Amino acid sequence: MLVIEELTRRYPGCVAVDRVSLRIVSGSFVGVIGRSGAGKSTLLRMLNRLVEPSAGRVFWRGQEVTALRGAALRAWRSRCAMVFQQFNLSGRLDVLTNVLVGRLNHVPAYRSLLRLWPEEDRAIALAALEQFDMGGLAAQRAERLSGGQQQRVAICRALVQEPELILADEPVASLDPRNARLVMEALADINRRFGITVLCNLHSLELARGYCDRLIGLAAGRLVFDGTPEMLTEEVARDLYGLEEAAATPGRAPPPRPALTPALTAQYA
Ligand SMILES: Nc1ncnc2c1ncn2[C@@H]1O[C@H](COP(=O)(O)OP(=O)(O)OP(=O)(O)O)[C@@H](O)[C@H]1O
């Protein structure tokens, strides 16, 4: 279980994430939706402590993540893999080496520096690539791959980390619709097959509805929707995005609450 308690991040002049509380069951595939600037990236990055919370706490399987320091924090980051919009591969390195980077926490530093990856790790990395039909690309330079292939390589890198949680920050935002679906399928496959909890920021409501089993909506840093994909009707989605617009317009009140189901607006106060 991932427990988020009153998580908050303030910046000068704005509250990016405002007292968000959530309980997420292990093995879920959760989509985080909301307009640009709603706080989705900040929320995800606080979970692996790339961004430090201003207030609030995070627990994973009973351990307080927000209290971790030094080696314990590094260990948490290896249990909790990130997938970024821009893939973050080393373009000049081959695909297999890029995936092996995910094994860094399992291999002594000198071996990785000298690229003396143990055979077992090479086999794990290759198996991950083969799982997504990319074994044949192992020797290619990463920069020669399409965006969709690069993102799936980044997902393989996350997978070989053997994480308990994957945080995907708009993983399909720079991909065409076909590649976006392939990447979402790769994440869904990992989630189903290995029971890895996935939290995924998404702009596309269609993908969010199609792949996630729970959706969380943010508007101006606040949790304004928490429900199943079926609950996110067109009308509710319009209201969710309308809340953001209202919050961003000084002097303009949010739309009337009855437009949303009561549970959805409970925290928009
Ligand atoms: N380092 C920072 N310094 C100041 N303000 C920031 C910083 N990072 C984020 N913000 C602000 O916090 C708010 C939330 O940003 P965040 O990137 O989390 O939103 P988002 O929903 O992920 O947006 P997008 O979909 O465009 O990535 C925005 O108003 C943003 O300008």
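Not measured: the values here are computed from a predicted model.

1. Re the sheet that holds strand E1 (residues 2–11)
Turning to step 1, where the next piece is worked out: What the four strands build is an open sheet, ordered E2-E1-E4-E5; its pairing is antiparallel. The two strands at the open ends of the sheet, each matched to only one other strand, are strand E2 (14–24) and strand E5 (63–64).
Turning to step 2, where the next piece is worked out: Here strand E4 (residues 55–60) runs beside E5; their pairing, made up of two bridges, is antiparallel. By the bridge assignment, Phe59 is partnered in E5 with Glu64.
Turning to step 3, where the next piece is worked out: Taken strand by strand, helix H1 (residues 40–47) contacts E1, E2 and E4, and its axis lies near 120 degrees from that of E1.

2. A short note on the pattern of salt bridges
Turning to step 1, where the next piece is worked out: Under the defined criterion, the tally for this structure stands at 16 salt bridges.
Turning to step 2, where the next piece is worked out: As a salt-bridge pair, Lys40 and Glu170 come within 3.9 Å of each other at their nearest N and O atoms. Of this pair, Lys40 sits in helix H1 while Glu170 sits in the loop between strand E7 (165–169) and helix H7 (177–194), placing them 130 residues apart in sequence.
Turning to step 3, where the next piece is worked out: Through salt bridges that share partners, Glu5, Arg57 and Glu64 make up one connected network.

3. With respect to unusual backbone geometry
Turning to step 1, where the next piece is worked out: In this structure, Phe87 takes a positive phi of about 65 degrees despite not being glycine.
Turning to step 2, where the next piece is worked out: Locating Phe87 in the fold gives a position in the loop between strand E6 (80–84) and helix H3 (95–100).

4. Remarks on the packing of aromatic side chains
Turning to step 1, where the next piece is worked out: A complete count under the given rule lists one aromatic pair for this structure.
Turning to step 2, where the next piece is worked out: Judged by centre distance (6.4 Å) and plane angle (50 degrees), the rings of Trp60 and Trp76 are tilted. Here the residue Trp60 occupies a position in strand E4, and Trp76 occupies one in helix H2 (residues 70–79), the gap between them amounting to 16 residues. The two residues Trp60 and Trp76 agree in class, both being buried.

5. Observations concerning the site of the ligand
Turning to step 1, where the next piece is worked out: Taken together, 13 residues are adjacent to the ligand, and Ser36, Gly37, Ser41, Thr42 and Glu170 come closest.
Turning to step 2, where the next piece is worked out: Within the backbone of Gly37, one N or O atom sits 2.7 Å away from an oxygen atom of the ligand.
Turning to step 3, where the next piece is worked out: Relative to its unbound accessible surface of 630 Å², the ligand loses 60% to contact with the protein.
Turning to step 4, where the next piece is worked out: For the shell around the ligand, the secondary structure elements donating two or more residues are E2 and H1.
Turning to step 5, where the next piece is worked out: When residues in the shell around the ligand are grouped by element, the largest group, three residues, is from H1.

6. A closer look at the nonpolar core
Turning to step 1, where the next piece is worked out: If you look at the biggest cluster of nonpolar residues, it comprises 56 residues, and the most contacted ones within it are Leu129, Ile166, Met184 and Leu232.
Turning to step 2, where the next piece is worked out: Excluding its chain neighbours within four sequence positions, the residues that come into contact with Ile166 are Ala81, Val83, Ala158, Leu187, Ile190, Ile196, Thr197, Val198 and Leu199.

7. Some words on the side chain of Asn48
Turning to step 1, where the next piece is worked out: Topologically, Asn48 is positioned in the loop between H1 and E4.
Turning to step 2, where the next piece is worked out: Filtering out sequence-adjacent residues up to four positions away, Asn48 remains in contact with Trp76, Arg77, Cys80, Met82 and Leu167.

8. Brief notes about the environment of Gly27
Turning to step 1, where the next piece is worked out: Checked against the element boundaries, Gly27 lands in the loop between E2 and strand E3 (29–33).
Turning to step 2, where the next piece is worked out: On the basis of relative accessible area, Gly27 is assigned to the partly exposed category, the value being 27%.
Turning to step 3, where the next piece is worked out: Put simply, Gly27 and Tyr211 are 184 residues apart on the chain and 14 Å apart in space, counted from C-alpha to C-alpha.
Turning to step 4, where the next piece is worked out: Setting aside chain neighbours within four positions, we find Gly27 in contact with Asn191, Gly195 and Thr197.

9. Things to note about the side chain of Glu170
Turning to step 1, where the next piece is worked out: A relative accessible area of 12% means that Glu170 is categorised as buried.
Turning to step 2, where the next piece is worked out: Here the side chain of Glu170 touches His203 through a polar contact of 3.3 Å, side chain to side chain.

The rules behind each value
Residues numbered from 1 in each chain as written. Predicted model: local features only at pLDDT ≥ 70, side-chain atom pairs only at ≥ 80, totals over all residues. Heavy atoms only, no water. Pairing = 2+ DSSP bridges. Helix = DSSP H or I, 4+ residues; strand = E, 2+ residues; numbered from the N terminus. Contact = heavy atoms within 4.5 Å. Axes fitted to C-alpha atoms, helices over the stretch in contact; angles between N-to-C directions. Salt bridge = Lys/Arg side-chain N within 4 Å of Asp/Glu carboxyl O. Phe/Tyr/Trp six-rings, centres within 6.5 Å; stacked < 30°, edge-to-face > 60°. Buried < 20%, exposed > 50% of the residue type's maximum accessible area, 1.4 Å probe, protein only. Near = heavy atom within 4 Å. Polar contact = N/O pair within 3.5 Å; in protein donor to acceptor, adjacent residues only side chain to side chain. Areas by Shrake-Rupley, 256 points an atom, 1.4 Å probe, with all protein chains shown as cover. Core = buried A, V, L, I, M, F, W, Y, C linked by side-chain atoms within 4.5 Å.

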